[in-house]
Amino acid sequence: MSCYDRSDLGLLLLRLGTGGVLAAHGAQKLFGWFGGGGIEGTGEAMEAMGYSPGRQSAVMAGLAEAGGGTLLALGLATPAAGAAAAGAMVGATAVQAPNGFFVQGGGYEYTASLALTAAGLAITGPGRLSLDQALGHAVNRGWMVPLALAATGAATAVVVGLRNRRVRETSKDGWEDGQETLFDEQGA
């Protein structure tokens, strides 16, 4: 029997905190819990933000947040869980980026922090106090990390790029409410 060290405890705290917050955000979208809009309300909001179709976008974001967050908290399938959660938060960051960095002004500070923490956990791994450890890392192999991050990164870039195009096309002068692109599509 091995003794757990500070890094195992630190990773456990990061996983529980980040995963718990993400799971709660996803539950707002999927079930309307914690004052959330549920699928219908979130779908309408997603449509208004340029993510179309709104209902499907709400389901995908909710699953990435609730599922990724729950799996992160448990320390199970950590590369996929962290990548999925990070991708969902990058999608939220795209909406908030035009408002600047700080959350007080509607900026992306909070969503970017969640994205970076989730991605960091995907890369670092869950630590020894995790289901991945208990299951012999069957769904937490080294090769899964770049695969999960690359697949999620590509999918997120496509989704955010399509959203940016929709927002440009529906506004008079290119952007509603002064929004700007997060990713330059011409460079991709």
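In case you missed it, the structure is sitting above this.
Residues numbered from 1 in each chain as written. Predicted model: local features only at pLDDT ≥ 70, side-chain atom pairs only at ≥ 80, totals over all residues. Heavy atoms only, no water.

Novice: Which residues make up the packing of helix α1 (residues 6-31) against helix α5 (residues 109-124), and what values go with them?
Specialist: Interaxial distance between α1 and α5 falls to 10 Å at its minimum, and their mutual angle equals 130 degrees. By the angle between their directions, the pair α1 and α5 is classed as oblique. Judged by the twist between their axes, the crossing of α1 over α5 is left-handed. Across from L11, L14, R15, T18, V21, L22 and H25 in α1, the residues of α5 making contact are Y110, L114, T117, A118, L121 and T124. Per-class residue counts for the contact of α1 with α5 are eight nonpolar, four polar and one charged. (Axes fitted to C-alpha atoms, helices over the stretch in contact; angles between N-to-C directions. Helix = DSSP H or I, 4+ residues; strand = E, 2+ residues; numbered from the N terminus. Parallel < 35°, antiparallel > 145°, perpendicular 65-115°, else oblique. Left-handed = near helix turned anticlockwise from the far one by under 90°. Contact = heavy atoms within 4.5 Å. Nonpolar A, V, L, I, M, F, W, Y, C, P; charged D, E, K, R; others polar.)

Novice: Got a sec to walk through the packing of aromatic side chains? Specific residues and values, please.
Specialist: For the structure on display, the rule yields four aromatic pairs. Seen from their ring centres, F101 and Y108 are 5.3 Å apart, and the 85 degrees between their planes marks the pair as edge-to-face. Positioned over the ring face of Y51 is R163, at 5.8 Å from the centre of the ring. (Phe/Tyr/Trp six-rings, centres within 6.5 Å; stacked < 30°, edge-to-face > 60°. Lys NZ or Arg CZ within 6 Å of the ring centre and 35° of its normal.)

Novice: I'd like a description of the nonpolar core, backed by residues and values.
Specialist: L22, L72, A85, M89 and A118 are the most contacted members of the largest nonpolar core, which totals 14 residues. Those elements that place two or more of their residues in this core are α1, α3 (54-74), α4 (78-96) and α5. Ignoring any residue separated from it by four or fewer positions in sequence, one finds A118 in contact with T18, L72, G82, A85 and A86. Counting residues in hydrophobic clusters, the runner-up holds seven residues, among them M46, A61, A94 and V95. (Core = buried A, V, L, I, M, F, W, Y, C linked by side-chain atoms within 4.5 Å. Buried < 20%, exposed > 50% of the residue type's maximum accessible area, 1.4 Å probe, protein only.)

Novice: Which residues make up the pattern of salt bridges, and what are the values?
Specialist: What the rule picks out here adds up to four salt bridges. Between R128 and D5 there is a salt bridge, with the nearest N and O atoms lying 4.0 Å from each other. Of this pair, R128 sits in the loop between α5 and α6 (131-134) while D5 sits in the segment before α1, placing them 123 residues apart in sequence. With a relative accessible area of 38%, D5 lands in the partly exposed category. (Salt bridge = Lys/Arg side-chain N within 4 Å of Asp/Glu carboxyl O.)

Geometric values such as these leave the question of function open.
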